[in-house]
Structures are given as C-alpha cells and as structure tokens.
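Inside the fold
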Amino acid sequence: MKKIEAIIKPFKLDAVKEAVTALGVHGMTVSEVKGFGRQKGHTEIYRGAEYVVDFVAKVKVEIVVESERAEQVMETIVKAARNGNIGDGKIFVSPVEKVCRIRTGELNQDAI
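About the criteria used
- Residues numbered from 1 in each chain as written.
- Predicted model: local features only at pLDDT ≥ 70, side-chain atom pairs only at ≥ 80, totals over all residues.
- Heavy atoms only, no water.
- Pairing = 2+ DSSP bridges.
- Helix = DSSP H or I, 4+ residues; strand = E, 2+ residues; numbered from the N terminus.
- Polar contact = N/O pair within 3.5 Å; in protein donor to acceptor, adjacent residues only side chain to side chain.
- Expected span 1.5 Å × (residues − 1).
- Buried < 20%, exposed > 50% of the residue type's maximum accessible area, 1.4 Å probe, protein only.
- Arc of directions from axis to C-beta.
- Contact = heavy atoms within 4.5 Å.
- Core = buried A, V, L, I, M, F, W, Y, C linked by side-chain atoms within 4.5 Å.
- Salt bridge = Lys/Arg side-chain N within 4 Å of Asp/Glu carboxyl O.
- Axes fitted to C-alpha atoms, helices over the stretch in contact; angles between N-to-C directions.
- Left-handed = near helix turned anticlockwise from the far one by under 90°.
- Nonpolar A, V, L, I, M, F, W, Y, C, P; charged D, E, K, R; others polar.

Pairing geometry for strand S1 (residues 2-8) and strand S5 (residues 56-65), over seven bridges, is antiparallel. Among the inter-strand pairings, Glu5 is bridged to a residue of S5, identified as Glu62. As paired strands, S1 and strand S6 (residues 89-95) are joined by seven bridges and run antiparallel to one another. Bridge pairing links Ala6 to Ile91 in S6.

Set out below in structure tokens:
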C-alpha cells in the first residue's frame, strides 16, 4: 500500500476530488495547511501598508491506495491540480506498512 500526500491550491480541491473519485478511490483526508516553496510567499498591501505573506494557504490531500494503483492516482492528481503556474504544489508517495479500520478491526487491503 502507498500513501499519497498532495499539497495543492485550495481552488483545485473539487477537481482533484472528482478525478480520484472517478478512479474508484473510496476516501481521502483533507487538511488546510500553510507553507512555502520556491515562491517564498508574496507581498500584499492592506489599508495602505505593505506586508509579507511568508506562508501561502494550501490544501493537503491524503489518500491510501493499493501499491499497483499509486502511479495512476498520482498522475490523475497532477492532471486535475495542474494550473501551469508556480505554486501548483507537490505530491509525496510513501509506503504504508499497516492499516487498521478501528470500527471493525479489518486490516490492510480490507481496511482501505
């Protein structure tokens, strides 16, 4: 199993959700996060004063899938989230050793 963590722009969340749901992905976890990469934030003007926004608002989507489907899910997220601009986001894929559904005690494949 693999855990896919995608850091994307907030307005792309619905497109990503629809795209991965169409693949048959049954669940995901979404968190509002802040961070910066190469763009290192930006400057804004509020009530005449200029200030630096160091951390940019993003959304983190976490999905656990079978190892064989990880590449397909990752490519689908890239297509749905890509805007072609700096700050489109990143995707991290990591191995998942074990999964347990708390309610039933099901393990691994049965739990996702």
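Now that the structure has been shown, the text picks up again.
With respect to the helices and strands, Gly87 occurs in the loop between helix H2 (70-81) and S6. Spatially, the C-alpha atoms of Gly87 and Phe36 are 8.3 Å apart, while their sequence positions differ by 51 residues.

Another point: the side chain of Glu62. Positionally, Glu62 belongs in strand S5. Here Lys3 takes part through its side chain, which lies 2.9 Å from a polar atom of the side chain of Glu62.

Another point: H2. Along its 12 residues, H2 runs 16 Å from first to last C-alpha, staying within 8% of the 16 Å computed at 1.5 Å per residue. The complete set of buried residues in H2 reads Ala70, Val73, Thr76, Ile77, Ala80 and Ala81. For H2, the angular spread of the buried residues around the axis is 130 degrees, confining them to a single face. Each element contacted by the buried residues of H2 is listed here: S1, helix H1 (13-22), S5 and S6.

Among soluble globular proteins, nonpolar side chains are generally buried collectively. Ranked by size, the top nonpolar core spans 15 residues in total, and within it Ile8, Ile63, Val65, Val73 and Ile77 carry the most contacts. Listed by contribution, the elements that provide at least two residues to this core are S1, H1, S5 and H2. The element best represented in this core is H2, accounting for five residues.

For the coordinates displayed, the defined rule picks out five salt bridges. Note that Arg101 is salt-bridged to Glu106, the shortest N-O span being 2.8 Å. For Arg101, a relative accessible area of 28% puts it in the partly exposed group.

The next point concerns the side chain of Glu5. Relative to the assigned elements, Glu5 resides in strand S1. By relative accessible area, Glu5 is classed as buried at 19%. At 3.5 Å, the side chain of Glu5 forms a polar contact with the side chain of Lys60. Ignoring sequence-local partners within four residues, the contact set of Glu5 consists of Lys60, Val61, Glu62, Lys90, Ile91, Phe92 and Ser94.

Interaxial distance between H1 and H2 falls to 9 Å at its minimum, and their mutual angle equals 145 degrees. Helix-helix and strand crossings are classified by hand; for H1 and H2 the assignment is right-handed. Only Val73, Thr76, Ile77, Ala80 and Ala81 of H2 make contact with H1, whose side of the interface consists of Ala15, Val16, Ala19 and Val20. Class assignment for the residues of the contact of H1 with H2 results in eight nonpolar, one polar and no charged.

Such coordinate-based values are descriptive only and should not be taken to indicate function.
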